[in-house]
Structure formats: structure tokens, C-alpha cells
Amino acid sequence: MRGIIGFIAMLQGALGFIGKTFFDGAWGLLAHLFDLPSVAYLGLFLAGAALAVWGDMDKKRKAERA
């Protein structure tokens, strides 16, 4: 579940950062709810990547035990 949430957070962070940095405004669902700076979207992407990696490592660890 952490991997899925992390992937969604990565997408929202990437869409917001790319849209706000290179185009006229942020993209994604968060842009409709919050007005965040570009650095916050980059932080959201990194937090999502950390969640995705954590979920994947936990899945591999559980598979090794079984």
C-alpha cells in the first residue's frame, strides 16, 4: 500500500513541479486544492519516492522470509 501511495505522491509532485517551473501553472489534483511553491512539489516527489522504495523493500523482505 505504501508503494501505491508513494507512486501517487510522486506523480502529483512531478506534475506540480514541471507545470509550475516550465509552464504557466501547476498540474494535477493538488493544484486545485492548494497553492504550493515549486520546492514543495519537489519535496512531495521525493517523499513519494521514499515511500515507494520503502514499500518495495518491505515487500522483498517479506518474500525472503516466506
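Calculation rules
- Residues numbered from 1 in each chain as written.
- Predicted model: local features only at pLDDT ≥ 70, side-chain atom pairs only at ≥ 80, totals over all residues.
- Heavy atoms only, no water.
- Helix = DSSP H or I, 4+ residues; strand = E, 2+ residues; numbered from the N terminus.
- Rg over C-alpha atoms; globule rule 2.2 N^0.38 Å.
- Buried < 20%, exposed > 50% of the residue type's maximum accessible area, 1.4 Å probe, protein only.
- Contact = heavy atoms within 4.5 Å.
- Areas by Shrake-Rupley, 256 points an atom, 1.4 Å probe, with all protein chains shown as cover.
- Expected span 1.5 Å × (residues − 1).
- UniProt positions renumbered as here; feature names shortened; annotations may be inferred.

This paragraph deals with the overall build of the protein. Scanning the protein from terminus to terminus reveals three helices and zero strands. Reading the secondary structure of the protein in the N-to-C direction produces α-α-α. Over its C-alpha atoms the protein spans a radius of gyration of 14 Å, topping by over 25% the 11 Å that the globule rule assigns to 66 residues. Taken over the C-alpha atoms alone, the protein extends approximately 50 × 15 × 15 Å along its principal axes. Across the 66 residues that make up the protein, the buried fraction comes to 15%. Taking the intrachain contacts of the protein between residues at least 6 apart in sequence as the baseline, contacts between residues at least 24 apart amount to 56%. Accessible surface computed for the protein: about 4900 Å², of which carbon and sulfur atoms make up 72%.

At 3.6 residues per turn, the α-helix brings residues three or four places apart onto the same side. Taking 1.5 Å of rise per residue, the 21 residues of helix α1 (residues 2-22) would be expected to cover 30 Å, and the 30 Å separating its terminal C-alpha atoms lies within 8% of that figure. Those residues of α1 that fall on the buried side of the exposure criterion are G6, A9, Q12, G13, G16 and G19. Residues of α1 that are buried in the fold lie against α2 (30-33) and α3 (38-65).

UniProt records the feature "transmembrane region" (unreviewed entry) at residues 40-57, using the numbering of this structure. The span residues 40-57 carries 100% helix and 0% strand; its end-to-end C-alpha distance comes to 26 Å.

So, on to the environment of L51. Residue placement: L51 occurs in helix α3. Residues L51 and R2, 49 residues apart in the sequence, show an inter-C-alpha distance of 5.8 Å. Apart from residues no more than four positions distant in its own chain, L51 is found in contact with R2, G3, I5 and G6.

Further remarks concern the environment of R2. On the secondary structure map, R2 appears in helix α1. Given the relative accessible area of 30%, R2 is considered partly exposed. Along the backbone, R2 and M57 are 55 residues apart, and their C-alpha atoms lie at a distance of 11 Å. Every residue in contact with R2, bar those within four places of it in the chain, is listed here: L51, A52, W54, G55 and D58.

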